[in-house]
Amino acid sequence: MNAGPQPLDLDEASRLVRATLHGSSEIRIGAEVEWLVFDLAEPERTVVVDETAAAAGEEPLPAGGTVSVEPGGQLELSTSTFTGPDRLVDAIRRDASELVRRFHRRGLALVAFGLDPLRPPHVSLDAPRYRTMERSFRRHGPEGVRMMASTAAVQVSVDPGPVPLRSWTVLGAAAPLLSATFANSCPQGGGSARQRVWAATDPARTAPVPTGDPQAWVDYVLDTPVMLVADGSSVSAPAADRTFRSWLDDVDHPPTPADLAVHLTTMFPPVRPRGHLEVRVVDAVPAVGRAAAVGLVWALATDRRVGDVARRLAEGLVLSLIHI
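From a predicted model like this one, the values you see are computed outputs, not experimental measurements.

What counts as what
Residues numbered from 1 in each chain as written. Predicted model: local features only at pLDDT ≥ 70, side-chain atom pairs only at ≥ 80, totals over all residues. Heavy atoms only, no water. Helix = DSSP H or I, 4+ residues; strand = E, 2+ residues; numbered from the N terminus. Rg over C-alpha atoms; globule rule 2.2 N^0.38 Å. Buried < 20%, exposed > 50% of the residue type's maximum accessible area, 1.4 Å probe, protein only. pLDDT = per-residue confidence, 0-100. Contact = heavy atoms within 4.5 Å. 1 Å grid on protein atoms, 1.4 Å probe; cavity = no way out; pocket = protein on both sides within 12 Å on 5 of 7 lines; lining within 4 Å. Points joined across faces, edges and corners; volume = space filled by probe spheres on them. Nonpolar A, V, L, I, M, F, W, Y, C, P; charged D, E, K, R; others polar. Core = buried A, V, L, I, M, F, W, Y, C linked by side-chain atoms within 4.5 Å. Salt bridge = Lys/Arg side-chain N within 4 Å of Asp/Glu carboxyl O.

Engineer: Mind showing me how you'd approach the overall build of the protein chain here?
Structural biologist: Within the protein chain, the regular secondary structure consists of 13 helices and nine strands. At 20 Å, the protein chain has a C-alpha radius of gyration in line with the 20 Å of a compact globule built from 324 residues. If one aligns the C-alpha atoms of the protein chain with their principal axes, the spans along those axes are about 60 × 45 × 45 Å. For the protein chain, with 324 residues in total, the buried portion stands at 49%.

Engineer: Explain the confidence of the model for the protein chain here, please?
Structural biologist: In low-pLDDT segments, the atomic positions of the prediction should not be examined closely. A residue-level look at the protein chain finds 96% of positions with pLDDT of 70 or above and a mean pLDDT of 92. Confidence over residues 319–324 falls short of pLDDT 50; this stretch has zero contacts with residues more than four positions distant or in other chains.

Engineer: Teacher, can you tell me more about empty space enclosed by the protein here?
Structural biologist: In this approach a probe as big as a water molecule rolls over the atoms, and the regions it shows empty are the leftover space. A complete count under the given rule lists two cavities of 30 Å³ or more for this structure. If you add up the space inside the largest cavity, you get close to 90 Å³. Lining the largest cavity are 14 residues, and of these Thr-46, Gly-72, Asp-116, Arg-119 and Ala-149 sit closest to its centre. At the level of secondary structure, the elements contributing two or more residues to the lining of the largest cavity comprise β1 (29–39) and α5 (143–150). The computed volume of the second largest cavity comes to approximately 50 Å³. What lines the second largest cavity is simply Gln-195, Trp-198, Ala-199, Thr-206, Phe-268, Pro-269, Pro-270 and Arg-280. The element best represented in the lining of the second largest cavity is helix α7 (residues 193–201), accounting for three residues. Taken together, the residues of the lining of the second largest cavity sort by class into five nonpolar, two polar and one charged.

Engineer: Got a minute to help me understand the environment of Ala-258 in this structure?
Structural biologist: For Ala-258, the position within the fold is in helix α11 (residues 257–264). Taking the C-alpha atoms as reference points, Ala-258 and Pro-7, separated by 251 residues in sequence, lie 9.7 Å from one another.

Engineer: I would appreciate a short explanation of the nonpolar core in the present structure.
Structural biologist: Most often, soluble globular proteins have nonpolar side chains that are buried together. Formed by 65 residues in total, the largest nonpolar core has its most connected members in Trp-35 and Trp-217. Apart from the residues within four sequence positions on either side, Trp-35 is in contact with Gln-74, Leu-75, Leu-77, Ala-96, Leu-99, Leu-110, Val-111, Ala-112, Ala-152 and Arg-290. If you look at the next biggest cluster of nonpolar residues, it comprises 16 residues, including Val-123, Met-148, Ala-149 and Leu-228.

Engineer: What should I look at first to understand the pattern of salt bridges in this one?
Structural biologist: Pairs can form between side chains of opposite charge whenever their charged atoms are close. Under the defined criterion, the tally for this structure stands at 23 salt bridges. Glu-278 is the salt-bridge partner of Arg-280, the closest N and O atoms lying 2.5 Å from each other. Its relative accessible area of 8% is what places Arg-280 among the buried residues. A residue is classified by how much of its surface remains accessible, and Glu-278, at 2% relative accessible area, is buried. Here the salt bridges share partners, and the residues they tie into one network are Glu-59, Glu-98, Arg-101 and Arg-102.

Following this line, the structure appears as structure tokens:
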């Protein structure tokens, strides 16, 4: 007779969160590349999820990447992981070229821009996770729905190597520099409009984590309100409005490891520990920009000298802003 999933206590929940930030014997790199999708003949028309999925097709891509569709009809390409940035850049190029051809045949264009400048946000993905997230975000204002339906990014994921705290600290410090360098979402300039949308979506789960201290990440996760709970093979809204830490005190219906795993997927800091480190601050950019972003994240994670320079630049920028 199965006893069912074991409930979590504070110590076990903290251990599981810390386990998302661990070292690796090698460093591999991968990416999730997103595009806005536009109708070539009618750019102001919203291209919905089903239309994007049909254009992407089901045939394998030449470099082995997989595609999915974001809530507003954006296309996402998820790559394999590679032992160096050059192989990743080549894989993105090959798969992206094939996707561009597929979409063009249907009169659609894949546009590497961070924030839709023409169309109002419209969530057309009818899935329990995204509908529940949409309702939760609307309680904080309109930016959450705009984030879901109108933004596109290049998310670069890299293993932390043998000293994970150093990699996490370096990438966290460099995140504002990366955001500014690859800002491509405001026609008038002035930084990343996409990142500003993310920051305003739900600050409890989108603000930066004070890096260098694993306990700061544990507290970040546990003190964030619960948005989704495990519901068999799906997810649903929580029965009560509370943080994960307060849920741990629920004697009658305590959370399980599956609930914590779902909760972790609703954390969206600029650099997110997931076993690897996911850098989430780069706007969708054309091919040259993607290559530069991949190369820079790799250098930050693997070259101590580059990381030290980036940290000094970031710290100097913060100090200069304080004294303005």
